[in-house]
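# Architecture and fold: a report
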Amino acid sequence: MSNKLIDLQHITKAFDGNVVLDDLNLYIRENEFLTLLGPSGCGKTTTLRILGGFETPDKGRVIFDGADITDLAPNKRQLNTVFQKYALFAHMSIAENIAFGLKIRKKSPEYIRDKIRYALKLVNLEGFEDRMPDSLSGGQQQRIAIARAIVNEPKVLLLDEPLGALDLKLRQDMQYELIRLKNELGITFIYVTHDQEEALTMSDTIVVMNQGYIQQIGTPEDIYNEPQNAFVADFIGDSNIVNGTMIQDRLVEIFGVRYACVDTGFGTNKPVDVVIRPEDLELVAVPEDAQKGSPEYESARSRIVQINPGYFEGTVSHIIFKGMHYEMEVQAHGFEWLVLSTRMFQVGTRVLMSVDPFNIQIMHKPESEDEKAVSMDENL
Amino acid sequence: MKKKMRFWLDGPYLIWTAAFIIIPLLMIVYYGLTDKNGAFTFHNVMEMGTPERLKALVLSLLLSLLATAICLLMAYPLALILNKMKTGATGFITTIFIIPMWMNSLLRILAWQTLLERNGVINQFLGMLHLPKLYIINTPYAIALGMIYDFLPFMLLPIYNALQKIDVNVVNAAYDLGANRFQTFWKVIFPLSLPGVISGITMVFVPALTTFVISDFLGGSKVLLIGNVIEQQFTQVGNWNVGSGLSLVLMIFILISMAIMQHYDKDMGEETTSL
């Protein structure tokens, strides 16, 4: 889990003057499950196609196992791709599909037969040798596409949104299958998706991309808990992202209310982006007619200030039952806060709302040209 | 209610099919298998057995096979090139191929007659350059040329269609699995384009086999194809029974060729490209 297997150096690629990748640098370790995650047009698929050899970068090198493969044709590379929508050979049986790469390499019939059996067993489709691709379901076709790639014993398997065409239940099953496959094969998986849940479930490392730039590289926990900018925070899970001012270390002002937080080193009176996950917001109900200073109000207030000295007062404007929890919108200071809670608050309930200092994420506002790609308006 | 609706939707089509396809076909079968007095006979069908007519049939088969083969050899590479081109350029070139089809095919064949005549445009041009002249008018070569010219679009378009339908990732998958360009073509692209090739072959071979216009204009009266033989029975001899009998024989040849094509099509496990 330590050797650099692939090294992308200063990769730049433009199509018809549109810069898709701008000076991308990324290395991928051996046996890593690495996910390129981002919205459509972020350059993730182009990166994968450059790795597969289907695109040549305008600038930069692709180093694979110490050798420069930037200009090597796809059929000469030691990696195999699982394409979007399977791309099986419709005129060949399942066995012929799987054998395709092996026959090209002139392997013996016995070897090919064993490999087909092994691969079909690995993807739980034993006995499918003589079926035709179009007689298989989407999930089955996808597994055949994986089998067809892995029989060639690639060092790296590239997967281009392989689960995109499958329904939710099947997608979840296939996620576990892919993790199992990766562990059994002990090879590197590079996975492209726009589905953050897929990325969080399967990856060792997630690379969040937007508009040709890498926004953040990290483990799923890092990416979720410590997003480096507003884009990552918004893209990974739902978030409340608001403008704030960093008054001083450990104190941030949002909509005129000062909150304790744990972040330091942002300077004083600096504008920042503040990210609060909806599941981290905590609510306490206050009776409709309770005046400030009344015993009911003060008891609610005393509970909320235990969480954070700063708090908002707002009204629940919307609620949806989601099974595990309720998804609510709370109007406070003209902002619609998204709140997830296992407790239910009727629409119209007056609430006090706050958040544990530890769960407030403070982020720099984008300043430089490069960071502009991060700005929210362009992406939403 | 639903039944009534169905009738109004299906009705016109059924009436059309009956009036213009089934009834004429039955009439040909009736004429072909009866004599002038309406008595049943195989005589009209046996009329194909004369040396002159057998010769016309064999020549027709040979010429239409040749034209089909040459059309295929010309159209396939062209379709491949078109498929690689950007959308705008492709539209332009396919339009160029389709525009001649907007003109009456009779006129186009007449134009070839003018071009190929002993003192036609081509020979005048060759004469100006002091090159040997080309005397192919009124020979089977001229007829084959006319067939190729007339039917090439019918080969090109279905093949182009079939190539367009191939997912670019399927081709990429072949490269990805180690195939070079040559292997990718023969193992993936060509087999997947076969439905188009087969409809192209059918759409060139059948009209070429039955044509009498092309052989009339470019073969003079010297080269007779089976289409001319049948046409003469209707227009000159006025013997509908023999004409229908000969048509039935030709129809059998066409059915056989279609059956062979269908067989290949099914072998490839692909749906037929509909056109």
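Note that the structure is a prediction, hence the values are computed from the model and not measured. (Residues numbered from 1 in each chain as written. Chains lettered and ligands numbered in written order. Predicted model: local features only at pLDDT ≥ 70, side-chain atom pairs only at ≥ 80, totals over all residues. Heavy atoms only, no water.)

### Quick look at the sheet that holds strand β2 (residues 18-29) of chain A
Residue and element names in this part refer to chain A. Put simply, the rule is: DSSP-based pairing: two strands are paired if at least 2 bridges between them are found. Here a helix means four or more residues in a row that DSSP labels H or I, a strand means two or more in a row labelled E, and each is numbered from the N terminus.
With respect to topology, four strands assemble into an open sheet ordered β2-β1-β4-β5, the strand pairing being antiparallel. Each edge of the sheet is formed by a strand with only one pairing partner; in this case those strands are β2 and β5 (67-68). Where strand β1 (residues 4-15) and strand β4 (residues 59-64) come together, five bridges link them in antiparallel fashion. Bridge pairing links Leu 8 to Val 62 in β4.

### Quick look at helix α2 (residues 94-104) of chain A
So the rule is basically this: Type-normalised accessible area, obtained with a 1.4 Å probe on protein chains alone, sets the label of each residue: buried when under 20%, exposed when over 50%, and partly exposed for intermediate values. The contact rule is simple, with two residues in contact once any of their heavy atoms fall within 4.5 Å.
The buried fraction of α2 of chain A amounts to nine of the eleven residues, a majority that puts the element mostly inside the structure. On its buried face, α2 of chain A sits against α3 (109-122) and α4 (138-150) of chain A together with α8 (168-176) and α9 (181-210) of chain B. One or two positions beyond α2 of chain A, positive phi appears at Lys 106 of chain A, with a value near 60°.

### Focus: the interface of chain A and chain B
As a measure of interface size, the accessible area lost when the parts come together is often cited. Heads up, the rule is: Joining two parts hides part of their accessible area as seen by a 1.4 Å probe, and the buried area is that hidden amount summed over both. Salt bridge, as used here, is a side-chain nitrogen of Lys or Arg placed within 4 Å of a carboxyl oxygen of Asp or Glu. Distance and chemistry together define a polar contact, namely a pair of N or O atoms within 3.5 Å, with one atom able to donate a hydrogen and the other to accept it when in protein, and with adjacent residues in sequence counting only for side-chain atoms on both sides. All amino acids are sorted into three groups, where Ala, Val, Leu, Ile, Met, Phe, Trp, Tyr, Cys and Pro are nonpolar, Asp, Glu, Lys and Arg are charged, and the leftover types, Gly among them, are polar.
Listed by partner, the interface residues are 22 residues for chain A and 19 residues for chain B. Both faces considered, chain A and chain B share a buried interface measuring about 1800 Å² in area, 60% of it formed by carbon and sulfur atoms. Together, Asn 75, His 91 and Ile 104 of chain A form the three largest contributors to the area buried by chain A at its contact with chain B, with a combined 32%. The tally of links from chain A across to chain B stands at zero salt bridges. Inspection of the chain A/chain B interface yields five residue pairs in polar contact (both at pLDDT 80 or more). Looking at the side of chain A that touches chain B, the elements that each hand over two or more residues are β6 (79-82), α2 and α4 of chain A. Looking at side-chain class alone, the side of chain A that touches chain B contains twelve nonpolar, seven polar and three charged residues.

### Some points on helix α1 (residues 44-52) of chain A
Where burial is concerned, most of α1 of chain A is hidden: seven out of the nine residues are buried. Within two residues after α1 of chain A, Gly 53 of chain A carries a phi angle of roughly 95°, on the positive side.

### Examining the confidence of the model for chain A
For the record, the criterion: Residue-level confidence of the predictor is what pLDDT reports, using numbers from 0 through 100.
Chain-level statistics for chain A give a pLDDT mean of 90 and a share of 96% at 70 or above. Counting interchain partners and residues more than four positions distant, the pLDDT-below-50 stretch residues 369-380 of chain A has 23 contacts.

### Some thoughts on the packing of helix α7 (residues 140-165) of chain B against α9 of chain B
Residue and element names in this part refer to chain B. Counted only if it meets this: Lines fitted to the C-alpha atoms define the axes, with helices restricted to the stretch that makes contact. Angles between their N-to-C directions range from 0 to 180 degrees. For classification, angles of less than 35 degrees are called roughly parallel, those exceeding 145 degrees roughly antiparallel, those between 65 and 115 degrees roughly perpendicular, and all remaining angles oblique. Each crossing gets its handedness from the near helix: less than a right angle anticlockwise from the far helix is left-handed, clockwise is right-handed.
At a closest axis distance of 8 Å, the pairing of α7 and α9 adopts a crossing angle of 155°. It follows from the interaxial angle that α7 and α9 lie roughly antiparallel. Of the two elements, α7 crosses α9, and the hand of that crossing is right-handed. Here α7 contributes Met 147, Phe 151, Phe 154, Met 155, Pro 158, Ile 159, Ala 162 and Leu 163 to the contact with α9, which in turn contributes Ile 189, Ser 193, Gly 196, Val 197, Ser 199, Gly 200, Ile 201, Met 203, Val 204, Pro 207 and Ala 208.

### Observations concerning the confidence of the model for chain B
Residues and elements named next belong to chain B. Mean pLDDT for chain B: 87, with 95% of residues reaching 70 or above. Put simply, helix α4 (residues 87-102) is where chain B has its lowest mean pLDDT, 79, and α8 is where it has its highest, 94. Segment residues 269-275: pLDDT under 50, and 16 contacts once partners within four positions in sequence are set aside and those in other chains are kept.

### So, the sheet that holds strand β12 (residues 251-254) of chain A
All names here are of chain A. Strand order in the open sheet made by the five strands is β13-β12-β11-β14-β20, with antiparallel pairing throughout. What marks the edges here is a single partner per strand, and that holds for β13 (257-260) and β20 (360-364). The sheet shows a mean angle of 40° between the axes of neighbouring strands, direction not considered. Bridging between strand β11 (residues 240-248) and strand β14 (residues 270-276) involves seven bridges; their strand directions are antiparallel. Bridging across to β14, Thr 245 finds its partner in Pro 271.

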